Amino acid sequence: MSVRVRFAPSPTGLLHVGALRDALHKFLLARHSGGTNILRIEDTDRTRYNADSEKEFIETLHWAGIDFDEGPHIGGPHAPYRQSVRKEKGIYAEWIQVLLSKGFAYKAFDTPEELAAMREQQTANKVNTGYFGGIWRDATPSQVAEAEAAGKTYVIRQRIPRDTTIVVEDLIRGRIEWDSNTVDDPVLIKTDGMPTYHFAAMVDDHIMGITHIMRGEEWISSAPKHVCLFEAFGWDKPVFVHCPVIVGNDGKKLSKRHGATRVLDYKAQGYLPHALKNFIALIGWSPGDEREAMTEAELIEAFDLSGMQPSPGKFDIDKLKWINGIHIRGVSASELVSVVLQYVCDEYVREYWTNFVEESPMPGKAPIVGTDVLAKLDKIASADSAYVASILPMLQERVVTLADFGDGAEFFFDDLPSMDQKAVDKWFKQEHVRGLFSRLLADIGRVPCSVESYDALLKQYQVDLSLEKLGPIVHPVRVALTGKTAGPGLFELMAVLGPDRMKVRLERALELCV
């Protein structure tokens, strides 16, 4: 069987994590099996459809490295791939007539008031809520003709079989059974002639040859209706795969406090697309071994539906950062500058940080100011490219997002970087430090500007001062040059800063010594 899967969004809002995982798992299955990945736009609810949303879905998925073999933007043998257009071509009208003629569907003329009264009575009697037939399920042809002649509006409902067991074979959960008497008769065609999801999606899945219906577990309750549709038409049923929900580390529904947000926001925050893809793929799926950081090729090679898990998948933002850091370190030195500069100059990245307001800053920590983040990144973009190329590889081992490069590189661009006062108080008060700074000021211009020279120079100071460890030399010099207690290797950053920049900073440090 040649695998054919479809990502079929109803573009009414923004692309979030759940939809990204849905699209990604289908993409991986199609690529793993040499199958076909289809994009189908389910836009039958015209009151909620948003063209900008559809555009964002396609562009964001492309950024994430998820592309399609067929779809409204590229065409294909089963065009059109937009359900509103398929409706206008009469595709659903043709198939609903088949169900009506076979008795697997019927016209229901209930008014909104009658439906409300029905639900109210069901609630009062504590019975299953839903439409289980009313007077129209078993209405005679003459009753239906009379209602139509009177101009009454109607919907077309599916006639669910009664007094039987409906079975769905789910790839993750196995056999699931329903008493058919508990399954209500869903609307297939609305009063405006538009098909509902229940009808249009299943008809299109058959016509387009979809072999695997992969969707969230919230659709399990609809599965018996869909199985009955396939059986009513006499069609072969696809493989049903109901994927687990995504939760936070606390086991609760995923929300913004867990890190869930618009997918484009992960781009703006500095996550690489292949890192995000790697992380999202592992939510609810396992490659069958201990691997976590994986390339796209490795994900495609390993992806198999047997690795899907029935338990909720956890969204761990710290794990995402860890994976992203690994992927950043995998960027070659020749590509690193272009990756960072492309990120800094991206239109959405700039828009995001310009408007960013941290809603829940960490206790005891100053809130992140988006314009400050952008200002630091802009220093990278506006600096000499050769200087930037010498800086970024030193930070590559320490950052977890592309945005971190701005903060990490800031001291390279400021003549007098801000100082950590606690570090100044700790190191600049030691007796040997004033002499250390004076000697370094005198020596930096006479020795070669290289990692090896500065390494030898500072180690010679340690010997001359009879210090047991190098720390009392390295730490005050680092604070003097960077304003920080941690950062890239000291000798490496000295070689990049060069004598002139170091001289200005050491002179200030001398003034701060007691």
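One structure accompanies this document, and this report is about it.

## Focus: the overall build of the protein chain
Thinking step 1. From N to C terminus, the protein chain includes 22 helices and eleven strands.
Thinking step 2. Here the C-alpha radius of gyration of the protein chain, 32 Å, is well above what a compact globule of 514 residues would show, namely 24 Å.
Thinking step 3. Taken along the three principal axes of its C-alpha coordinates, the protein chain extends 110 × 50 × 35 Å.
Thinking step 4. By sequence separation, contacts in the protein chain at least 24 residues apart represent 74% of the contacts at least 6 residues apart.
Thinking step 5. With an accessible surface of roughly 24,200 Å², the protein chain has 51% of that area assigned to carbon and sulfur atoms.
Thinking step 6. Once the 59 positive and 72 negative side-chain charges of the protein chain are each reduced to a mean point, those two points are 2 Å apart.

## Concerning the nonpolar core
Thinking step 1. Counting residues in each nonpolar core, the largest one holds 111 residues, and the members touching the most others are Phe405, Phe412, Phe428, Phe437 and Leu458.
Thinking step 2. Sort the elements by how many residues they give to this core and helix H22 (residues 490-512) lands first, with ten residues.
Thinking step 3. Beyond its immediate chain neighbours, meaning those up to four positions away, Phe412 contacts Tyr387, Ile391, Met394, Leu395, Leu493, Val496, Leu497, Arg501 and Arg505.
Thinking step 4. Counting 36 residues, the second largest nonpolar core, distinct from the first, contains Ile38, Leu99, Cys228 and Phe240.

## Considering the pattern of salt bridges
Thinking step 1. By the definition in use, this model includes 34 salt bridges.
Thinking step 2. Note that Glu42 and Arg40 form a salt bridge whose closest N and O atoms lie 2.9 Å from each other. The same class applies to Glu42 and to Arg40, which are both buried.
Thinking step 3. Between Lys55 and Glu59 there is a salt bridge, with its nearest N and O atoms 3.6 Å apart. Of this pair, Lys55 and Glu59 both sit in helix H2 (residues 51-63), four residues apart, which is roughly one turn of that helix.
Thinking step 4. Through salt bridges with shared partners, a single ionic network connects Arg6, Arg40, Glu42, Arg86, Asp204 and Asp205.

## Thoughts on the packing of helix H13 (residues 333-345) against helix H16 (residues 385-395)
Thinking step 1. Running from amino to carboxyl end, H13 crosses H16 at an angle of 95°, the nearest separation of the two axes being 9 Å. With respect to their mutual orientation, H13 and H16 come out roughly perpendicular. Residue-level inspection shows Leu336, Val337 and Val340 of H13 in contact with H16, the latter providing Val388, Ala389, Leu392 and Pro393.
Thinking step 2. A breakdown of the residues in the contact of H13 with H16 according to their chemical character gives seven nonpolar, no polar and no charged.

## Concerning the packing of aromatic side chains
The way to describe two aromatic rings as a pair is by their centre distance and the angle between their planes.
Thinking step 1. The final tally for this structure, using the stated rule, is 20 aromatic pairs.
Thinking step 2. Pairing Phe109 with Trp136 gives two aromatic rings, centres 4.8 Å apart and planes at 55°, and the pair type is tilted. Of this pair, Phe109 sits in the loop between strand S3 (105-108) and helix H5 (112-124) while Trp136 is found in the loop between H5 and helix H6 (141-149), placing the two residues 27 residues apart along the sequence.
Thinking step 3. Relative accessible area serves as the criterion here: at 4%, Phe109 is assigned to the buried category.

## Some words on the environment of Trp427
Thinking step 1. When you line up the elements, Trp427 lands in helix H18 (residues 421-427).
Thinking step 2. Judged by relative accessible area, which is 12%, Trp427 ranks as buried.
Thinking step 3. Remark: the alpha-carbon pair of Trp427 and Asp192, spanning 235 residues in sequence, is separated by 77 Å.
Thinking step 4. The contact partners of Trp427, leaving out residues within four places of it in the chain, are Val433, Gly471, Pro472, His475, Pro476 and Val479.

## Some points on the pairing of strand S6 (residues 174-179)
Thinking step 1. With six bridges joining them, strand S5 (residues 165-170) and S6 adopt antiparallel strand pairing. Residue pairing across strands places Ile166 opposite Trp178, the latter belonging to S6.
Thinking step 2. Linking two consecutive strands that pair antiparallel, namely S5 and S6, is a turn of three residues.

## Some words on the sheet that holds S3
Thinking step 1. If you walk across this open sheet you meet the three strands as S3-S4-S7, and the pairing is antiparallel. If you trace the sheet from one side to the other, it starts and ends with S3 and strand S7 (187-189), each paired once. Between one strand axis and the next, the sheet turns through 45° on average, direction left out of account.

## Some points on the packing of helix H7 (residues 197-207) against helix H8 (residues 223-233)
Thinking step 1. Closest axis-to-axis distance for the H7/H8 pair is 10 Å, and the angle between their directions is 50°. With respect to H8, the axis of H7 lies oblique. Crossing geometry of H7 relative to H8 is assigned as right-handed. On H8, the residues touching Tyr197, His198, Phe199, Met202, Val203 and His206 of H7 are Lys225, His226, Leu229, Phe230 and Phe233.
Thinking step 2. Classifying every residue of the contact of H7 with H8 by side-chain character gives seven nonpolar, three polar and one charged.

Calculation rules
Residues numbered from 1 in each chain as written. Predicted model: local features only at pLDDT ≥ 70, side-chain atom pairs only at ≥ 80, totals over all residues. Heavy atoms only, no water. Helix = DSSP H or I, 4+ residues; strand = E, 2+ residues; numbered from the N terminus. Rg over C-alpha atoms; globule rule 2.2 N^0.38 Å. Contact = heavy atoms within 4.5 Å. Areas by Shrake-Rupley, 256 points an atom, 1.4 Å probe, with all protein chains shown as cover. Lys, Arg positive; Asp, Glu negative; His and termini not counted. Charge placed at Lys NZ, Arg CZ, Asp CG, Glu CD. Core = buried A, V, L, I, M, F, W, Y, C linked by side-chain atoms within 4.5 Å. Buried < 20%, exposed > 50% of the residue type's maximum accessible area, 1.4 Å probe, protein only. Salt bridge = Lys/Arg side-chain N within 4 Å of Asp/Glu carboxyl O. Axes fitted to C-alpha atoms, helices over the stretch in contact; angles between N-to-C directions. Parallel < 35°, antiparallel > 145°, perpendicular 65-115°, else oblique. Nonpolar A, V, L, I, M, F, W, Y, C, P; charged D, E, K, R; others polar. Phe/Tyr/Trp six-rings, centres within 6.5 Å; stacked < 30°, edge-to-face > 60°. Pairing = 2+ DSSP bridges. Left-handed = near helix turned anticlockwise from the far one by under 90°.

Any functional reading would require information that these geometric values do not contain.
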